[in-house]
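Each chain, written out:
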Amino acid sequence: QVQLVESGGGLVQPGGSLRLSCAASGSIFVINAMNWYRQTPGNQRELVARITNGGYTDYADSVKGRFTISRDTANNTVYLQMNSLKSEDTAVYYCHAAIRPSPLRFEYDYWGQGTQVTVSS
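Just so we're clear, the structure is a prediction, and the values are computed from it rather than from any experiment.

Participant: I keep staring at the sheet that holds strand 1 (residues 2-7) and nothing clicks. Help me out?
Facilitator: Judged by pairing direction, the sheet is antiparallel, and its four strands sit side by side in the order 1-3-8-7 without closing on themselves. Two strands bound the open sheet, and with one partner strand each, they are strand 1 and strand 7 (67-72). Sheet twist, expressed as the mean angle between neighbouring strand axes with direction ignored, is 15°. Summarising the sheet, strand 1 and strand 3 (residues 18-26) pair through six bridges and their orientation is antiparallel. Residue V2 lies in a different strand from strand 3, and its bridge partner there is G26.

Here is the structure:
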């Protein structure tokens, strides 16, 4: 069984910063991509940032230059540093990972429980 546990959400003023963390644990053979998504009420979940096993990163246009995704491969952890936060960044943020649990199994998608980020004065 694989678990993704997120932390770091909260309330911050516009222009402020937050750092989200997501740690994967359990039966893990290899983690391919690790990603951050976000969702607001009534809207679909959208990809915010992703990082591959090789360290390639990609960002949604709305967060480029403000958010940075990074990965601690040894500890199966992904981070999202969010700077210059805006009210429109308010959402529930979800960690996602594409993981092969063992050499004999295919890759599966796993999700964290979500963490609320609220940007408000």
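Past the structure itself, the notes keep going.
Participant: Which parts of the structure should I look at to understand the pattern of salt bridges?
Facilitator: Side-chain pairs of opposite charge can arise whenever the charged atoms involved come near each other. According to the stated counting rule, one finds five salt bridges in the structure shown. Measuring nitrogen to oxygen at the nearest pair gives 2.7 Å for the salt bridge that ties R38 to E46. For R38, a relative accessible area of 6% corresponds to the buried category. You can call E46 partly exposed: its relative accessible area is 34%. Connected through salt bridges with shared partners, the residues R38, E46, R66 and D89 form a single ionic network.

Participant: I'm lost on unusual backbone geometry in this one. Help?
Facilitator: Most peptide bonds are trans, and most residues other than glycine sit at a negative phi. Not every positive phi belongs to a glycine, and N76 is a case in point at roughly 55°. For N76, the position within the fold is in the loop between strand 7 and strand 8 (77-82). Phi is positive for S84, which is not a glycine, with a value near 50°. Position of S84 relative to the elements: it lies in the loop between strand 8 and strand 9 (91-100). You can call S84 partly exposed: its relative accessible area is 41%.

Participant: So what exactly am I meant to see when it comes to the packing of aromatic side chains here?
Facilitator: The final tally for this structure, using the stated rule, is one aromatic pair. Looking at R19, its charged tip hangs above the ring of Y79, at a distance of 4.0 Å from the centre. Against the face of W111 rests R45, its NZ or CZ located 4.7 Å from the ring centre.

Participant: I keep staring at the state of the cysteines and nothing clicks. Help me out?
Facilitator: Two cysteines joined by a covalent bond between their sulfur atoms form a disulfide. Applying the stated criterion to the full structure yields one disulfide. Each sulfur of the disulfide joining C22 and C95 lies 2.1 Å from the other. Where C22 bonds to C95 through sulfur, the torsion about that S-S bond is close to -80°, and the disulfide is left-handed. One end of the pair, C22, is in strand 3; the other, C95, is in strand 9, and 73 residues separate them in sequence.

Here is what the cut-offs are and how they apply
In this convention, every chain numbers its residues from 1, walking through the sequence in written order. Confidence filtering applies because this is a predicted model: local features only for residues at pLDDT of at least 70, side-chain atom pairs given and counted only at 80 or more, and all residues used for totals across whole chains, interfaces and linings. Water and hydrogen atoms play no part in the side-chain values, which are based on all heavy atoms of the structure. Pairing between strands is defined by DSSP: at least two bridges between them are needed. Each helix corresponds to a stretch of at least 4 residues labelled H or I by DSSP, and each strand to a stretch of at least 2 residues labelled E; elements are numbered beginning at the N terminus. Lines fitted to C-alpha atoms define the axes here, with helix axes fitted over just the stretch in contact, and angles between the N-to-C directions of these axes take values from 0 to 180 degrees. Salt-bridge detection follows one rule: a side-chain nitrogen of Lys or Arg within 4 Å of a carboxyl oxygen of Asp or Glu. Burial classes follow relative accessibility: with a 1.4 Å probe on protein chains only, a residue under 20% of its type's maximum area counts as buried, one over 50% as exposed, and anything between as partly exposed. Put simply, two rings from Phe, Tyr or Trp (the six-membered ring, in Trp's case) pair if the centres are within 6.5 Å, and we call them stacked under 30 degrees between planes, edge-to-face over 60, tilted for the rest. Put simply, a charge is over a ring when the Lys NZ or the Arg CZ is close to the ring centre, within 6 Å, and near the line of the ring normal, within 35 degrees. Put simply, a disulfide is two cysteine sulfurs that come within 2.5 Å.

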